[in-house]
Structure formats: C-alpha cells, structure tokens
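# Coordinate inspection notes
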Amino acid sequence: MSQKVNTKEITDLIRGLVSIPSPSGNTEQVIRHVDEYFNKLGLETKRNHKGGLLVTLPGENDDRHRFLTAHVDTLGAMVKEIKPNGRLKLTMIGGFRWNHVEGEYCQIETADNKLFTGTILMHQTSVHVYKEAGNAKRDENNIEVRIDERVESEQDVKELGISVGDFVSFDPRVEITESGFVKSRHLDDKASVALLMHVIKLLKEEGTKLPFTTHFLISNNEEIGYGGNSNIPNETEEYLAVDMGAIGDGQTTDEFTVSICAKDSSGPYHLGLRKHLENLSKENHIEYRIDIYPYYGSDASAAIRAGFDLKHGLIGPGIDASHAFERTHETSLLHTARLIYHYLKSDMNS
C-alpha cells in the first residue's frame, strides 16, 4: 500500500487547497475546487444546504454505513469597522490569537467580489513613534489592516467598495521543503482534505468496492463548531473525523506519524473504534501515536453532541503550531493516508 500512496500528489493537492482563501462562511470557491476533482474521477457529488460537499461510495453491505469528514474552512477574519484613518478593524473567524496573524499579508474580498490586499499590523507598530510598541496588547482594538490602496479616510475605503462584513483571509505562505516538510497556514484541515481526495482516487483507480457504503463529507463550518453534525444517514454506525493531531508539551503526537485521538475537550472517543484503528496500524506497519487534545473539538464530537447514535473516532497528521504557522512532514501524511485506506477496507470493529 505504501507504494500506492503518492506523497507528491498529496502535497500538490495541499498546495492547491491552501492557496484558495476559504475562511468559515466563505468557502464556495474551495468546495467547487474539490467538487471538480471528484467529478473528474467520475464520482457523483451533492451539496448540503450549509455548502458542504458529499460523496458516497457504494459498499458490498448497504445496511451498515461509515461516514468520514475533513473540513476545508479555515481561520480568518471579517471587517468589523472602517476606522477614520482608512484602516480596518477586524473580528475573528475561528479560534486563534491576534499575535499569530500580526505582520501577515491578507486579502479582503468585497460583497461584489473585488479583491484587495493588505497587511495585518498593530496600530502602534512603528518603534520610532510608539515607545511601548512591543508591550501594547495584541487585541481587536489595536490590530488593524493597512490596505494596499491610497486611502486616508473612511470615505476613501468605502469608495473602493469595502464595507463591514467583508471577509479577510490570511496569506498561507505555503512551502514544501526538500527535506519533506510542508509549511503553510491552514494545514488544519486542508491536509486532511487532500488525504481523503487522494485515497478516494486510489480506490477509484483500483476499482475497489468497499465492504460498507461509505460517505465522505467535505465540511465547511468546522472552525466555528458545526461543520459535520448533519447529513448523516440513519444507517451510519461509524463516524471518523480526519483532522489534525495537535503537537506541544505533554503531547505524544509528532510530525512523522498518524495521530489517533483518545480524548479531547468533548470527552473520550469510542474505545472500540480507537482500538480498531490501533490494530489496523499494527497489522499494516503504520506508525502512530495515541494522544489527548485538551483544547480541541472535531466534527465527530459535534455529531455526538447533536444527538447522533454513532461510534466516533478522530485521526490525522501531526501538525506543529496549530492555528498559527503550521507544519507537518510527508511521512505523517503517508501514515495517515495508509490508515484511512486500510480502515475503509476493513470490517466494522464490532
């Protein structure tokens, strides 16, 4: 199986995905991109009312179903206010810290689809003017966007067509190194979307019919908490979210293995399904880590909270510096792809 997984194809898919701005609430372009990929494979797709994308692969057993998700929506911002000096005040989309976007290039998309570039800065940036520039609080009152247009007033900005409610996306700065690292914003969770795309392509090329009918949801509201808690058929027994593994002090997750989550802020994941994923990893020489993510929630946990009667699990590539300047390695992508592949071809865990 490792010979079939092509990490170059996966990283190319990641590069394409992260290069399309898609903060939660503004994901049509990236959903269309994924939809076109599946259509070229000859697969039928459909949209839900929230704008997510559904693909179903019929299985030998149509009485018991599986459901997998990964999400294309990302962190971002929205114009909260046009300041008298022509700068933009922002409100967050998703959970990040302002210091993680300070100094970042960004794009403003207006309601009539005009695009403008800018830079996210502290109001007190210049050390030659502001003595306390380094100590000023990084918050929505001090962070602003400097637009790359000749604007000096609120009216100048309005004349460009920029208004309150316009989406602001962050430059991903994607780079794939010769040593196999993938550096980019929004690897959470576009790396996982790329993995699902690639594995589905492998199955299609093989002509493999899965043991159970399996649904794939490319969700588009995960960063705001409700991407994958609907459109789950009644026959579904197992729900596997493919999302990032969080790296930091006290974590076992790294950038070179697949991370299997035992528990996050919502509580423990289904023990039987977790053991099934562990056993598949051992049987197929897939390198993995079991971990707990203390400040984390997934589409799978959102589905459980919504009342669905499911066995839920969570796996994903290890992502360093989540919700900031993220990085993973091609070996983590490889092991995650292999686990997804063998899981899809396996029997139910009970």
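In the block above lies the structure referred to throughout.
For the structure given in this document, a descriptive report is provided here. Within every chain, residues take consecutive numbers counted from 1 along the sequence as written. In keeping with the model being predicted, local features are shown solely for residues with a pLDDT of at least 70 and side-chain atom pairs are shown and tallied solely at 80 or more, while totals for entire chains, interfaces and linings include all residues. Water and hydrogen atoms play no part in the side-chain values, which are based on all heavy atoms of the structure.

### Here we look at unusual backbone geometry
Backbone torsion omega between Asp188 and Asp189 reads 10°, so that peptide bond is classified as cis. Secondary structure elements are taken from DSSP: a helix is a run of H or I of four residues or more, a strand is a run of E of two residues or more, and numbering for both begins at the N terminus. Here Asp189 lies in helix α4 (residues 187-206). Its identity is not glycine, yet Asn113 carries a phi of approximately 70°, on the positive side. Along the polypeptide, Asn113 turns up in the loop between β6 (105-109) and β7 (115-122). Located in the positive-phi region is His186, a residue other than glycine, with phi close to 70°. The residue His186 is located in the loop between β11 (181-183) and α4 in this model. In this scheme, a residue with accessible area under 20% of its type's maximum is buried, one over 50% is exposed, and one in between is partly exposed, where area comes from a 1.4 Å probe on protein chains only. Classification of His186 by relative accessible area gives buried; the value is 9%.

### Quick look at α4
Here the expected length of a helix is defined as 1.5 Å per residue gap, with one fewer gap than residues. Here α4 is 20 residues long and its end C-alpha atoms lie 28 Å apart, about the 28 Å a rise of 1.5 Å per residue gives. Where α4 ends, the next residue or the one after it, Gly207, has phi of about 75°, a positive value.

### With respect to the pattern of salt bridges
Should a side-chain nitrogen of Lys or Arg be within 4 Å of a carboxyl oxygen of Asp or Glu, the pair is scored as a salt bridge. Per the counting criterion, the structure on display carries 21 salt bridges. Of the charged contacts, one joins Arg289 and Asp254 as a salt bridge, the two residues approaching to 3.6 Å between their closest N and O atoms. Remark: Asp254 occurs in the loop between β14 (245-246) and β15 (258-264) and Arg289 occurs in strand β17 (residues 288-292); sequence separation between them is 35 residues. We classify Arg289 as partly exposed; its relative accessible area is 32%.

### A look at the side chain of Thr328
Here Thr328 is to be found in strand β19 (residues 327-329). Residue classification places Thr328 among the buried positions, given a relative accessible area of 0%. Only 2.7 Å separates the side chain of Thr328 from the backbone oxygen of Gly318, close enough to count as a polar contact. Once residues within four sequence positions are removed from consideration, Thr328 is found in contact with Gly180, Phe181, Val182, Leu187, Glu255, Pro317, Gly318, Ile319 and Leu333. Pairs of N or O atoms within 3.5 Å make up the polar contacts considered here, provided that, within protein, one atom can donate a hydrogen while the other can accept it, and that residues adjacent in sequence are counted only when both atoms are side-chain atoms. In what follows, residue pairs with any heavy atoms lying within 4.5 Å of each other are defined as contacts.

### A short note on the packing of aromatic side chains
Working definition: rings of Phe, Tyr and Trp (its six-membered ring) pair if their centres are within 6.5 Å, and the pair is stacked with planes under 30 degrees apart, edge-to-face with planes over 60 apart, and tilted otherwise. In this structure the tally under the stated criterion is six aromatic pairs. Each ring, one from Tyr37 and one from Phe38, has its centre 5.8 Å from the other, and the planes form 70°; the classification is edge-to-face. For the pair shown, Tyr37 and Phe38 are each scored as buried. Where Tyr293 meets Tyr296, the ring centres are 4.7 Å apart and the plane angle is 45°; that geometry is what we call tilted. Overall, the relative accessible area of 1% leaves Tyr293 in the buried class. Here the aromatic cluster, defined as three or more aromatic residues joined through ring pairs, consists of Phe96, Trp98 and Phe170. Sitting over a ring, as applied to charges here, requires NZ of Lys or CZ of Arg to be within 6 Å of the ring centre and within 35 degrees of the ring normal. Arg66 extends its terminal NZ or CZ atom over the ring of Tyr343, reaching a point 4.3 Å from the ring centre. Cation over ring: Arg327 sits above Phe181, and NZ or CZ is 3.8 Å from the ring centre.

### Observations concerning the packing of helix α5 (residues 271-283) against helix α7 (residues 330-344)
For helices, the fitted line uses only the C-alpha atoms of the stretch in contact; every axis is such a line through C-alpha atoms, and the angle between N-to-C directions lies from 0 to 180 degrees. Across the interface, α5 lies against α7 with an axial gap of 10 Å and an inter-helix angle of 110°. By the angle class used here, α5 and α7 are roughly perpendicular. As for the relative orientation of α5 and α7, their crossing is right-handed in sense. In contact with Leu273, His276, Leu277, Leu280 and Ser281 of α5, α7 contributes Leu339, His342 and Tyr343. Looking at the contact of α5 with α7, its residues break down into five nonpolar, three polar and no charged. Roughly parallel here means an angle under 35 degrees, roughly antiparallel means over 145, roughly perpendicular means 65 to 115, and every remaining angle is called oblique. Less than a right angle of anticlockwise turn of the near helix away from the far helix marks a crossing as left-handed, whereas a clockwise turn marks it as right-handed. Ten residue types, Ala, Val, Leu, Ile, Met, Phe, Trp, Tyr, Cys and Pro, are classed as nonpolar, four, Asp, Glu, Lys and Arg, as charged, and the remainder, Gly among them, as polar.

### Remarks on the packing of helix α1 (residues 7-18) against α7
Between α1 and α7, the shortest axis-to-axis distance is 10 Å and the interhelical angle comes to 105°. In terms of orientation, α1 lies roughly perpendicular with respect to α7. Contacts between α1 and α7 pair Thr7, Ile10, Thr11 and Ile14 from the former with Glu330, Leu333, Leu334 and Ala337 from the latter.

### Comments concerning the pairing of strand β13 (residues 236-242)
Burial analysis of β13 places six of its seven residues in the buried class, which makes it a mostly covered element. Strands were regarded as paired on the criterion that DSSP finds at least two bridges between them. Relative to β13, strand β3 (residues 59-71) runs parallel, the two sharing five bridges. Looking at the pairing, Leu68 lines up with Leu240 of β13. As judged from the five bridges shared by β13 and strand β18 (residues 311-319), these two strands associate in the parallel manner. For Leu240, the partnering residue across the bridge sits in β18 and is Gly313.

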